[in-house]
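A closer look at the structure
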Amino acid sequence: MRIIPDFISEAEEQQLHEEVEPYMSRLRYEFDHWDDAIHGFRETERKKWYPSNREVLERVRQAAFEGAIMSYVHVLDLAADGVIKPHVDSTRYCGNTISGISLLSDSVMRLVRTSAEKYQQGNVGDGPSKDTSDNTTDDAYRHQPEAKLENNFYADILLPRRSLYIMSHSARYNFTHEILAKEQSQFLGNPINKTRRISIICRNDP
Ligand SMILES: O=C(O)CCC(=O)C(=O)O
Ligand SMILES: [Fe+2]
Ligand SMILES: [Mn+2]
């Protein structure tokens, strides 16, 4: 797991936000499915980007990936009181690396060690295969809800606004990840003011 602070400038953050806001603001935050991995969110997948934002995504690709990234980039808008519960991204849907830019807010990501072999590449438990004929997202194939945690090893990671995180290999397969609720958001004993957060998430193919 690697964090690159100030991966984008304030101007780049604003450009990314301006591109996704008209679409996102028309969606309603989903708060009703308590069983889902993510609560208090709206999301989309975007393929075509303004040239300036395409350049930022190319920088993400170069910093985080050895090869290509999926053509659809995931945009996740988490409400101030939204939360991402512990999960591992589906090994059927997503390859060995997940990399995200955080817009608008700091937040705290917690990684918790999972029982060893459960999520190794190619293992079971992936849910239905992705129907690539549409571009909607679906928790059922993206997230593997977490089961047994050893609960003895975790790390809290500060994701500052405008940073990039790179979650790959062991961090991606052997740990669940979650974004703490605003009331729980603390880092090194200091409260972190988590407000609305938009993440721009790149993944590679399995
Ligand atoms: O918001 C993020 O950076 C992570 C989102 C996430 O974990 C997911 O969509 O699987
Ligand atoms: Fe995830
Ligand atoms: Mn849902």
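Residue numbering note: each chain is counted from 1, following its sequence as written. To label them, take the chains in the order written and letter them from A, then take the ligands in the order written and number them from 1. Only residues with pLDDT of at least 70 are given local features in this predicted model, and only at 80 or more are side-chain atom pairs given and counted; all residues enter the totals for whole chains, interfaces and linings.

All right, on to the overall build of the chain then. Under the DSSP-based scheme used, a helix requires at least four consecutive residues in state H or I and a strand at least two consecutive residues in state E, with every element numbered from the N terminus. Helix and strand counts for the chain stand at four helices and 12 strands. Once C-beta atoms are placed from the backbone, each residue is buried if 20 or more other C-beta atoms lie within 10 Å of its own, exposed if 12 or fewer, and partly exposed for counts between those two. Within the chain, buried positions represent 33% of all 206 residues. For the purpose of contact definition, each residue receives a C-beta atom placed from its backbone, and two residues are in contact when these atoms lie within 7 Å. The long-range fraction of contacts in the chain, counting pairs at least 24 apart against all pairs at least 6 apart in sequence, stands at 90%.

This paragraph deals with the pairing of strand 4 (residues 97-103). For strand 4, a buried count of six out of seven residues is recorded, marking the element as mostly surrounded by other parts of the structure. Note that strand 4 and strand 8 (residues 164-168) share five bridges and pair antiparallel. Along strand 8, the bridge assignment pairs Ile98 with Met167. Any two strands between which DSSP finds at least two bridges are classified as paired. As judged from the six bridges shared by strand 4 and strand 12 (residues 197-203), these two strands associate in the antiparallel manner. Within the sheet, the bridge partner assigned to Leu103 lies in strand 12 and is Ile198.

This brings us to helix 1 (residues 10-24). Between the first and last C-alpha of helix 1 there are 20 Å, a value that for 15 residues agrees with the 21 Å anticipated at 1.5 Å per step. Considering bend angle alone, the principal kink of helix 1 is centred on Glu18 and spans about 30 degrees; proline Pro22 follows within four residues of it. Residue count minus one, scaled by 1.5 Å, sets the expected span of a helix. The seven residues ending at a residue and the seven starting there each receive a fitted axis; the angle between those axes is the bend at that residue.

Nearness here is judged by the C-beta atom: place it from the backbone, and if it falls within 6 Å of a molecule or strand, the residue counts as near that partner. Around ligand 1 there are eight residues in total, and Leu76, Ile84, Asp89, Gly100 and Ser199 lie nearest to it. Contributing elements (two or more residues each) for the shell around ligand 1: strand 3 (73-89) and strand 12. Among the elements that line the shell around ligand 1, the one with the most residues is strand 3, at three residues. Classification used: nonpolar for Ala, Val, Leu, Ile, Met, Phe, Trp, Tyr, Cys and Pro, charged for Asp, Glu, Lys and Arg, polar for all others including Gly. Partitioning the shell around ligand 1 into residue classes produces three nonpolar, three polar and two charged.

A word on the nonpolar core. Counting residues in each nonpolar core, the largest one holds 33 residues, and the members touching the most others are Ile101 and Ile200. Taken together, the elements giving at least two residues each to this core come down to strand 2 (38-46), helix 2 (51-64), strand 3, strand 4, strand 5 (107-114), strand 8, strand 9 (175-179) and strand 12. The leading source of residues in this core is strand 3, at six residues. Beyond its immediate stretch of four places on either side in the chain, Ile200 contacts Leu16, Val73, Val75, Gly100, Ile101 and Leu103. The term nonpolar core means buried Ala, Val, Leu, Ile, Met, Phe, Trp, Tyr and Cys residues held together as one set by C-beta atoms within 7 Å.

Here is the key point about a regular strand: its side chains alternate between the two faces of the sheet. Where strand 2 and strand 3 come together, eight bridges link them in antiparallel fashion. Directly across from Thr44, in strand 3, lies its bridge partner Val75. Here five bridges tie strand 3 to strand 12, and the two strands are oriented antiparallel to one another. Looking at the pairing, His74 lines up with Ile201 of strand 12.

Once that is clear, we can look at the environment of Pro5. Within the element layout of this structure, Pro5 appears in the loop between strand 1 (2-4) and helix 1. For the pair Pro5 and Ser163, spaced 158 residues apart in the sequence, the C-alpha separation amounts to 4.3 Å. Apart from the residues within four sequence positions on either side, Pro5 is in contact with Pro160 and Ser163.

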